[in-house]
Amino acid sequence: MPSWLFVVLCTVAAVGFFALGMSLTLMLKGHPIDSEISTNKEMQRRGIKCAVQETREADGTADCAPGAPLPGCSGNCGACDIEHGENS
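Described in the following lines is the structure provided in the data block.

With that out of the way, let us pick up helix 1 (residues 3-29). Counted at 1.5 Å a residue, the expected span for helix 1 with its 27 residues is 39 Å, and the 39 Å between its end C-alpha atoms agrees. Positive backbone phi, at 85°, marks G30, one or two positions downstream of helix 1.

Pasting the structure below:
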């Protein structure tokens with residue numbers, strides 16, 4: 001068997017194994033895996049924050065605390081974009 005065929009078969013098997021694992025996780029949990037920092041309750045409980053939010057809090061350039069009046073940066077990593085600044 002040629003070596004390139006072996007590599008292709010291993011790749012297909014790895015992708016299939018990953019898809020099977022994700023499907024089983026979805027079936028057993030009943031919902032997709034929540035990896036977004038802003039909506040994952042376990043990450044919030046542990047105090048994990050978006051990197052942009054942590055940087056702004058450390059620099060004091062924006063009030064990114066949850067419940068802050070700033071609409072673009074309220075603890076939601078998806079809404080707390082890098083380009084958000086004083087002029088927005």
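In this fold, C50 is placed in the loop between helix 2 (41-45) and helix 3 (51-59). We classify C50 as buried; its relative accessible area is 2%.

Turning our attention to the pattern of salt bridges. This model, assessed by the stated rule, comprises 2 salt bridges. As a salt-bridge pair, E42 and R45 come within 2.4 Å of each other at their nearest N and O atoms. Of this pair, E42 and R45 both sit in helix 2, 3 residues apart, which is roughly one turn of the helix. With a closest N to O distance of 3.0 Å, E42 and R46 form a salt bridge. When its relative accessible area of 58% is taken as the criterion, R46 is described as exposed. One connected set of salt bridges, linked through shared partners, spans E42, R45 and R46.

About the thresholds
Residues numbered from 1 in each chain as written. Predicted model: local features only at pLDDT ≥ 70, side-chain atom pairs only at ≥ 80, totals over all residues. Heavy atoms only, no water. Helix = DSSP H or I, 4+ residues; strand = E, 2+ residues; numbered from the N terminus. Expected span 1.5 Å × (residues − 1). Buried < 20%, exposed > 50% of the residue type's maximum accessible area, 1.4 Å probe, protein only. Salt bridge = Lys/Arg side-chain N within 4 Å of Asp/Glu carboxyl O.

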